[in-house]
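Residue-level structure breakdown
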Amino acid sequence: MERPVPGGVPGEKEEERVLVSEKSWRPCPKARRRLRGCLEQVKKQLFCVGDDWYFLFILGVLMATISFVMDLLVARLYKAHRWLYQEVGDILVLKYLSWTMYPMALAAFSTGFSQSITPYSGGSGIPELKTILTGVVLEDYLAIQNFGAKVVGLTCTLASGSTVFLGKVGPFVHLSAMAAVYLGKMRTSVTRQYENKFKQNEMLVAAQAVGVATVFGAPISGVLFSIEVMASHFAVRDYWRGFFAATCGAFVFRLLSVFNSEQDTIAAVFKSDLKIDFPFDLLETFFFAILGAVCGLVGCAYLFCQRWLLAAVKENRLTAKLLATDKPVYTVLVVLLLASITFPPGLGQLMASRLTMKEYLTSLFDNRTWGVLVPNASSVADPPSVDPRGLWQEWYHPSATIFGTLAFFLLMKFWMLILATTLPLPAGYFMPIFIYGATIGRLLGETVALLFPQGLRSEGDPHPVIPAGYALAGAAAFSGSVTHAISTALLVCEATGHLGHVLPIVLAVLVANAITQKHQPSFYDGTIIVKKLPYLPRIRSRHMASYQVVVEEFMERQVVALAKGGGFEEVLVALDASVNAEYPVVESAGSPTLVGTVSRAQLVAFLQSHKHPQAPSGEKLTTMGTLGDNCAIEPIMLQLSPWTSLHQAHHLFELLKLQRIFVTRFGELVGAVSRVELRRAIEELANPK
């Protein structure tokens, strides 16, 4: 017999005592509560200034650390390749195998590894990111598994060296965007706040600048370049986010170099020793303008050929089959061709093929005039290794002058770089065109120095021409023309720490952009066109006829609409007729006055809660009710007129990131315009071929 418990039901006290003991077994409950309260207060004080600062700082530091570690690993792998090439001795077959097999293995692993994890890790990622920033949902490109695949694949791609001739700017912009999305999800768990699309877009805008800043160590030009290349419209309120994150990333990236004893202090990535007292003669501005025109014309040819080859590779039966089923095989074949051409005892000796990507720029930005140094070269034999203090000698060959090697480099790398852009591996394409432009500038600078050895002035003190200044202008002009960016002029100055040639550099960039933007879309826009991404192209035409194109000429006239008093059958017919996300609702079948929109999900719920008029009477669903009574009709916030111009519609779609908008005449529904119709109108009416 159970003993009664005073003041309660028998057995209740024992159960309560057990529950209390189970909850209070943790040590120091009072101290734990105080500590929890202190942490809440610290969190409240930290986030009183805004949580964006902390997450932007984390984003900058994270990407700077990844960039530095990646450069360190790439340097070690490339050093191992050089050691292997030297250790095989003078046996030509072994030297060829060591030169070709190493990048082939790395490129094949990069392709196979990244593509096995996710098929969206190839390329630079900037065209897809541009599409995402316009409001199109491409979630797979920002998935966290894509981050690891791209990091590993990009490391192997860069370790292939100048044989493949690819960079890391574009992939790092993509990596920064993926890191920003993941940090945004972490912020929602820390701050317990809902992250909307506007907040995610703000983080993506900052991530663009971080990607460029952590590669070149240039925060200012990183922000400007990301705005020019990525955004069609930019909100000024996001300006500080980009600068803060880019500054943190660039500072940590250069600080890690100091900690690794690579430099004594924080300095430019491609430190130059150009003269500041008299950088250029006033008459040289004419040659800088010519350099800009040359870069613009070559840029047009490059963009056209690259877009043509990218489409041809996709349409060709053999290459299309390889890219669909055996991507590593296609990569191995292309890299074998590129490595065979750059083999140093062969054609590679005329292309300075033993230099790394960074050594290419360091040599091209050399302050000395190579035409004067060549006759004083003590040795013309092929040295066993690259001399860091005499990188310019890699450009010299006894059977060809400096002009011959530079011209041969430009001729060969033109099609080799275009071919490399078809590789299905993580890679960037900005650094190669940056080097290519620097080579164009160096060739023109050496030519001017040869024609005017004492400078352009015949009176006064002689001021010799500095070819390195032309290399700076060529790098900025060609890369700017290909990407349709002006900020490359500032990028060159920040990356080298030299501002003496800033005005002629800007002049060359403006001339090159004026030519290229008139005739060709940018590199990333061309890739979007070939990949057929849902991105609105820019209206290039400024002719008055393009402003006379109105919405009535290209709108969709057959629009599936629902009457406000429609029932089950009308909703069922509308859902079967189209797969739109939302449907317009009009007053009645006889009065097409637009009253609002209803989502497809609500229409499906309407069908599920009602039964068909011809259904058996045993079902417990109602047959009564109309669309207006059972569905929430959203009011129309924005609509177009048939007389709205194409330019106005284009601005609205880009600014508000619209997907579809309805057209009304005096309140009555007459059509709709989506991105498909708008893009077709731009290509056929405003930008005719």
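1. Notes on the overall build of the protein chain
- Of the regular secondary structure elements, the protein chain holds 27 helices and five strands.
- Every one of the 689 residues in the protein chain was classed for burial, and the buried ones make up 50%.
- Within the protein chain, counting contacts between residues at least 6 apart in sequence, those at least 24 apart form 75% of the total.
- Of the roughly 33100 Å² that the protein chain leaves accessible, carbon and sulfur atoms contribute 62%.

2. Some details on the side chain of Ser-160
- Looking at the secondary structure, you find Ser-160 in the loop between α6 (144–159) and α7 (169–191).
- Here the side chain of Ser-160 touches Cys-156 through a polar contact of 3.2 Å, landing on its backbone oxygen.
- Setting aside residues up to four positions removed in sequence, Ser-160 forms contacts with Pro-103, Leu-106 and Ala-107.

3. Structural notes on the packing of aromatic side chains
- Under the defined criterion, the tally for this structure stands at 22 aromatic pairs.
- A cation over a ring is seen here: Lys-95 above Tyr-85, with NZ or CZ 3.9 Å from the ring centre.
- The ring of Phe-172 carries the charged tip of Lys-168 above its face, separated from the ring centre by 4.9 Å.

4. Topic: the pairing of strand β5 (residues 668–674)
- Extensive coverage of β5 is indicated by the burial of five of its seven residues.
- With six bridges joining them, strand β4 (residues 660–665) and β5 adopt antiparallel strand pairing. Across the sheet, the residue bridging to Val-663 is Gly-671, located in β5.
- The hairpin formed by β4 and β5 contains two residues between the paired strands, and Phe-666 there has a positive phi angle of roughly 55 degrees.

5. Structural notes on helix α14 (residues 357–364)
- Burial analysis of α14 places six of its eight residues in the buried class, the great majority of the element.
- Among the residues of α14, Met-357, Glu-359, Tyr-360, Leu-361, Ser-363 and Leu-364 are the ones counted as buried.
- Lining the buried residues of α14 we find α3 (52–87), α15 (370–373), α16 (402–420), α17 (430–451) and α18 (467–483).

How each quantity is defined
Residues numbered from 1 in each chain as written. Predicted model: local features only at pLDDT ≥ 70, side-chain atom pairs only at ≥ 80, totals over all residues. Heavy atoms only, no water. Helix = DSSP H or I, 4+ residues; strand = E, 2+ residues; numbered from the N terminus. Buried < 20%, exposed > 50% of the residue type's maximum accessible area, 1.4 Å probe, protein only. Contact = heavy atoms within 4.5 Å. Areas by Shrake-Rupley, 256 points an atom, 1.4 Å probe, with all protein chains shown as cover. Polar contact = N/O pair within 3.5 Å; in protein donor to acceptor, adjacent residues only side chain to side chain. Phe/Tyr/Trp six-rings, centres within 6.5 Å; stacked < 30°, edge-to-face > 60°. Lys NZ or Arg CZ within 6 Å of the ring centre and 35° of its normal. Pairing = 2+ DSSP bridges.

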